[in-house]
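Listed here are the chains, written in short residue letters.
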Amino acid sequence: MPDEFTRSPRHSAAATLLWDFMSRMERAGGLHSLWTPILLFTGVRGSGKTELLAGLRGLLGDSFPHAHINGEWSFNSTMDMLTLLAFELNQQRGYGKLAFPRLVIGEIVIRPDIAVDPLDRDRAREQMAAALADHRKVKVILENSIRSILRSALTPVLTRSSAAGVVGKYGAVAEELLGPSAGKRRAREDLLGIGQEWWRHQDRGLGNDPIDELISLRMDAERARAQRQTDDAGRWNDSGNSRRTVTKRLWAAFLADLRDNFGDRRRAINWTRNCVLLLDNADSPAARAFLEELVS
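This one's a predicted model, so the numbers in the text were calculated from it and none came from an experiment.

Topic: the packing of aromatic side chains
Throughout the structure, instances matching the rule amount to eleven aromatic pairs. Arranged with centres 5.4 Å apart and planes meeting at 80°, the rings of Trp-19 and Phe-64 form a pair that is edge-to-face. Of this pair, Trp-19 sits in helix H2 (residues 9–21) while Phe-64 sits in the loop between helix H3 (49–60) and strand E3 (66–70), and the two are 45 residues apart along the sequence. By relative accessible area, Phe-64 is classed as buried at 14%. Aromatic side chains Phe-100 and Phe-254 sit 5.4 Å apart centroid to centroid with 5° between the ring planes, which places their arrangement in the stacked category. Of the two residues, Phe-100 sits in the loop between helix H4 (78–89) and helix H5 (101–109) while Phe-254 sits in helix H11 (residues 240–263), which places them 154 residues apart along the sequence. A connected cluster of aromatic rings, assembled from ring pairs, spans Trp-19, Phe-64, Tyr-95, Phe-262 and Trp-271.

Right under this line is the structure:
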C-alpha cells in the first residue's frame, strides 16, 4: 500500500476493511464470497470522502476489477449506470474481460429502434425472435447496438481517458460487455444464446418463454419512456411501476452475469478477491436511487 495514502489511520482502516470485505474463500470445490457488504463513508462535503475513494482506487489499480461512478454525473437511467458499471469492471486487466450477456440482451430489446408491435402479440414474437437472431448472427448489427448502448452510458464521462476510443473498433466495443468470446462468431452466438435463455427463469424458478419475457420487458420500457415524457409535460400517469420493473430485471441480469463470471471454476480459480463498486457523491438523487436498488 502506498505510504502517502495509508499513513493516515483513517485511510489505513478503510483500506483494511475493503481488503477484508473483498475476500473469497475456498469452499465446496471453488472460491466463494465471504461477504457482500455495502460500506458507507459519511461526512460533510469537503471532509475527504472523494479523496478516500481516489486512494482506494489507487490501491486496487489494475489488479482487481472495480468501477468508479459519480452520483453527480448526469445519467439518464439506471440502465446507463449499469452499463457503465459493467464497462468499468472491464477496464482493469487483473481478471481479464468479464461477460454480461444477460444484461446485454435486456438492453438490446428495450432500445426504441427495435421494432415490436404493441398490439399484435404474435407479430411481436416474430419481430423479437428475428431481432435477437440478427444480433446473434450478424456482427455489424450487434456492433451497432453495443456501440449505441455504450455511447448512452458514457455520455456523462466522455472526457475521461478511460472512455477514449471505446466506441471505435468492433472488437474492443463488444469485449467491453461480452468479454473475450466477443471476437469469435460461434462463441459469441453461444454466449448471447445463454443470455437470452436466462430470461426464461431469471433465477426465480420461472418456466416462461424467454421471447415473451423480453417482450414484456420491452413493453414496460415503453411505458416507462411514456412516463418520463408525461412527467416532463407536467401530467400524471400510472406507469411508475414499469420503471421499477425494468430496473429490477436489469439489476437481476447484471448480478446473474457477475455470479456466472466468478462462478467459472476454471477461469476464476485464482480470483481470490471480489470486484468493487466505488460510488462517489452517493447523496445525489440518482446515486441514492441506484444505491437503494442495489441494497434491495
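Digging into the side chain of Glu-189
Take Glu-189: it is sitting in helix H9 (residues 185–198). Since its relative accessible area comes to 13%, Glu-189 is described here as buried.

What to know about the packing of helix H6 (residues 121–137) against H9
Contact geometry of H6 with H9 gives a least axis separation of 8 Å together with a crossing angle of 145°. Contacts between H6 and H9 involve Leu-132, His-135, Arg-136 and Lys-137 from the former and Arg-185, Glu-189, Leu-192, Gly-193 and Gln-196 from the latter. Each residue belonging to the contact of H6 with H9 can be placed in one class, and the counts come to two nonpolar, three polar and four charged.

Regarding the layout of surface pockets
If you add up the space inside the largest pocket, you get close to 1400 Å³. Contributing to the lining of the largest pocket are 49 residues, with Pro-37, Ile-38, Val-276, Leu-277 and Leu-294 lying nearest its centre. Of all the secondary structure elements, the ones that give two or more residues to the lining of the largest pocket are H2, strand E2 (30–33), H3, H4, H11, strand E4 (276–280) and helix H12 (285–295). It is H11 that provides the largest number of residues to the lining of the largest pocket, a total of seven residues. Grouping the constituent residues of the lining of the largest pocket by class yields 30 nonpolar, twelve polar and seven charged. Empty space within the second largest pocket amounts to approximately 760 Å³. In this structure, the second largest pocket is lined by 28 residues; those nearest its centre are Asn-76, Ser-77, Thr-78, Met-79 and Arg-228. Where the lining of the second largest pocket is concerned, the elements lending two or more residues are H4, helix H7 (139–154), helix H10 (210–233), H11 and H12. Among the elements that make up the lining of the second largest pocket, the one with the highest residue count is H11 (six residues). Class assignment of the residues belonging to the lining of the second largest pocket gives a composition of 14 nonpolar, seven polar and seven charged.

The rules behind each value
Residues numbered from 1 in each chain as written. Predicted model: local features only at pLDDT ≥ 70, side-chain atom pairs only at ≥ 80, totals over all residues. Heavy atoms only, no water. Phe/Tyr/Trp six-rings, centres within 6.5 Å; stacked < 30°, edge-to-face > 60°. Helix = DSSP H or I, 4+ residues; strand = E, 2+ residues; numbered from the N terminus. Buried < 20%, exposed > 50% of the residue type's maximum accessible area, 1.4 Å probe, protein only. Axes fitted to C-alpha atoms, helices over the stretch in contact; angles between N-to-C directions. Contact = heavy atoms within 4.5 Å. Nonpolar A, V, L, I, M, F, W, Y, C, P; charged D, E, K, R; others polar. 1 Å grid on protein atoms, 1.4 Å probe; cavity = no way out; pocket = protein on both sides within 12 Å on 5 of 7 lines; lining within 4 Å. Points joined across faces, edges and corners; volume = space filled by probe spheres on them.

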